[in-house]
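Structure assessment
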Amino acid sequence: MQEQKIFDSLGIINLSYFRESLYESVFSEVAKFIDFTQNIKTAEMGGGEGYWGRYLKSKNPESEVYLVDISSEFLKRAPRNLLKVCANMTEEIFEEGSMDLISFWVSIHHLKTYELKRAIQNSIKALKPGGFLLFFEPNNDFWVRKMVYKRSLSKDVYFDDEEKGVFFDEIQELCGEMGGMEIKREYLNPPYNIQYVKKLKKWLLYYSFVEFMHLMGKLKKECTKSSSLYGLSIFRKV
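For clarity, every value in this text was computed on a predicted model and none was experimentally measured.

So, about the nonpolar core. Phe-18, Val-30, Trp-52, Trp-105, Leu-134 and Phe-136 are the most contacted members of the largest nonpolar core, which has 34 residues in total. When residues of this core are assigned to their parent elements, the largest contribution, five residues, is made by helix H2 (residues 20-30). Those residues in contact with Phe-136 that sit more than four places away from it in its chain are Phe-18, Leu-22, Phe-104, Trp-105, Val-106, Leu-188, Pro-190, Tyr-230, Gly-231 and Leu-232.

Another aspect to go through is a nonpolar patch on the surface. A cluster of nonpolar side chains, contributed by Phe-212, Met-216 and Leu-219, occupies part of the molecular surface with about 320 Å² of accessible area. Looking at the secondary structure, you find Phe-212 in helix H10 (residues 203-220).

Attention now goes to the sheet that holds strand S2 (residues 64-69). If you trace the seven strands from one edge of the open sheet to the other, you get S3-S2-S1-S4-S5-S7-S6, paired in mixed fashion. The open sheet has two edge strands, strand S3 (83-86) and strand S6 (180-188), and neither has a second partner. Strand-to-strand, the axes of this sheet are offset by a mean angle of 15°, without reference to chain direction. Taken together, the eight bridges between S6 and strand S7 (residues 230-237) define a ladder with antiparallel strand orientation. In the sheet register, Lys-184 faces S7, and the bridge partner there is Ile-234.

What counts, and where the lines are drawn
- Residues numbered from 1 in each chain as written.
- Predicted model: local features only at pLDDT ≥ 70, side-chain atom pairs only at ≥ 80, totals over all residues.
- Heavy atoms only, no water.
- Core = buried A, V, L, I, M, F, W, Y, C linked by side-chain atoms within 4.5 Å.
- Buried < 20%, exposed > 50% of the residue type's maximum accessible area, 1.4 Å probe, protein only.
- Helix = DSSP H or I, 4+ residues; strand = E, 2+ residues; numbered from the N terminus.
- Contact = heavy atoms within 4.5 Å.
- Patch = residues over 30% accessible without salt bridge, like charges linked within 9 Å, V, L, I, M, F, W, Y side chains within 5 Å.
- Areas by Shrake-Rupley, 256 points an atom, 1.4 Å probe, with all protein chains shown as cover.
- Salt bridge = Lys/Arg side-chain N within 4 Å of Asp/Glu carboxyl O.
- Pairing = 2+ DSSP bridges.
- Axes fitted to C-alpha atoms, helices over the stretch in contact; angles between N-to-C directions.

What follows is the structure, given as structure tokens:
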């Protein structure tokens with residue numbers, strides 16, 4: 001209930017963190033493994049207002065796209081064409097072997113270790129044989145992020161006192177123990193939505209930084225673990 005209260009009370013609404021080009025690029029990677037012309041069943045876990053789910057729905061309006069979040073206030077703002085489930089994303093929500101794709105989009109990093117294990121276990125259980133699990137999360141191996149967490153600047157950006165990134169090596173290990181094989185990992189500096197960043201204190205400082213990182217990432221073509229704000233990892237259920 002405390003966690004739900006935190007999320008229900010957030011002041012920034014109806015704004016995606018990122019520009020649409022990010023959703024396009026991630027979708028192009030996922031589409032290498034999944035045929036989105038077929039009617040598939042997919043879920044965005046802890047998805048808030050469901051921007052990743054919205055994008056998936058736009059690519060195939062006939063598919064079943066579920067949006068799972070603990071906050072009823074977030075779900076109210078999500079579009080009606082998404083199937084909304086107000087629930088804790090660590091629990092058993094879907095039938096065993098029923099889903100084609102389950103995504104954690106900037107959500108699983110809020111969980112404690114035992115919750116993380118349970119969320120992954122229940123998600124893999126819900127996937128069909130050969131189904132896919134996607135993580136797009138803050139990268140805890142990024143050295144600047146570790147510095148910010150320890151300073152007062154973190155209060156401008158993070159609303160959760162438990163805020164942290166994700167160690168993608170740990171995610172790989174946990175998924176491997178539970179029947180998931182990593183088939184794609186990429187580190188990246190995404191293009192932020194300036195309208196979202198403007199809602200933060202010292203927004204010009206933050207936007208200048210993330211935009212610089214994004215442009216540098218595009219020039220390099222491939223970002224390293226220690227120089228990337230986010231990571232993308234895709235697993236197949238084996």
